[in-house]
Amino acid sequence: MPLKLVHVMWTRLSFEDIATQQCSYELSIDKEFEVITKCFKELDVAGKVNIKTKLQEIVFPYKTSIYAPHDKIKTKGFVKMARPTKFMRSTK
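Since the model is a prediction, treat every value here as computed from it, not as a measurement.

**Examining the overall build of the protein**
Thinking step 1. Scanning the protein from N- to C-terminus turns up four helices and zero strands.
Thinking step 2. Looking at the 92 residues of the protein, the share that counts as buried comes to 1%.

In structure tokens:
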């Protein structure tokens, strides 16, 4: 198969062992936290609340503001109304 027929994405694909790469250096999020704290200090109250809620969603995923509905909600079917009477159709 000629290389010209292969999509560009597949020509750049490489197969490397990720486990050996991770052993050579430690993954760290220190730089990201520095950027977050810098942005947090510069924002107004609304922005600080937004960042704080996003971080809480990451750290405490079980504490969300979304809850399952108490009762099952009927999503199919149409509620038919009573047929309008002659009085209801009157244009007088």
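The structure having been displayed, the exposition proceeds.
**Here we look at the packing of aromatic side chains**
The geometry of an aromatic ring pair comes down to the distance between the two centres and the angle between the two planes.
Thinking step 1. As enumerated under the stated definition, the model contains one aromatic pair in all.
Thinking step 2. Ring centres 6.3 Å apart and planes at 75 degrees place the aromatic pair Phe60 and Tyr62 in the edge-to-face group.
Thinking step 3. The exposure class assigned to Phe60 is partly exposed, which follows from its relative accessible area of 32%.
Thinking step 4. Relative accessible area serves as the criterion here: at 63%, Tyr62 is assigned to the exposed category.
Thinking step 5. When the ring centre of Phe40 is taken as reference, the NZ or CZ atom of Lys48 above it lies at 5.5 Å.

**Focus: a nonpolar patch on the surface**
Thinking step 1. Taken together, the side chains of Ile29, Phe33, Leu55, Ile58, Val59, Phe60 and Tyr62 make up a nonpolar region of the molecular surface, amounting to roughly 730 Å² of accessible area.
Thinking step 2. You can see Phe60 is positioned in the segment after helix H4 (45–59).

**Here we look at the packing of helix H3 (residues 30–42) against H4**
Thinking step 1. Two elements in contact, H3 and H4, have axes separated by 9 Å at closest approach and are oriented at 145 degrees. Counting all contacts with H3, which are made through Ile36, Phe40 and Lys41, the residues of H4 involved are Lys48, Ile51 and Leu55.
Thinking step 2. Of the residues assigned to the contact of H3 with H4, the class counts are four nonpolar, no polar and two charged.

**What about the confidence of the model for the protein?**
When pLDDT drops low, the exact placement of atoms in the prediction is not to be read closely.
Thinking step 1. Chain-level pLDDT for the protein is 78 on average; 76% of the residues reach the 70-or-more range.
Thinking step 2. For the protein, per-element mean pLDDT is lowest for helix H2 (residues 18–24), which scores 56, and highest for H3, which scores 93.

Reading guide: rules and limits
Residues numbered from 1 in each chain as written. Predicted model: local features only at pLDDT ≥ 70, side-chain atom pairs only at ≥ 80, totals over all residues. Heavy atoms only, no water. Helix = DSSP H or I, 4+ residues; strand = E, 2+ residues; numbered from the N terminus. Buried < 20%, exposed > 50% of the residue type's maximum accessible area, 1.4 Å probe, protein only. Phe/Tyr/Trp six-rings, centres within 6.5 Å; stacked < 30°, edge-to-face > 60°. Lys NZ or Arg CZ within 6 Å of the ring centre and 35° of its normal. Patch = residues over 30% accessible without salt bridge, like charges linked within 9 Å, V, L, I, M, F, W, Y side chains within 5 Å. Areas by Shrake-Rupley, 256 points an atom, 1.4 Å probe, with all protein chains shown as cover. Salt bridge = Lys/Arg side-chain N within 4 Å of Asp/Glu carboxyl O. Axes fitted to C-alpha atoms, helices over the stretch in contact; angles between N-to-C directions. Contact = heavy atoms within 4.5 Å. Nonpolar A, V, L, I, M, F, W, Y, C, P; charged D, E, K, R; others polar. pLDDT = per-residue confidence, 0-100.

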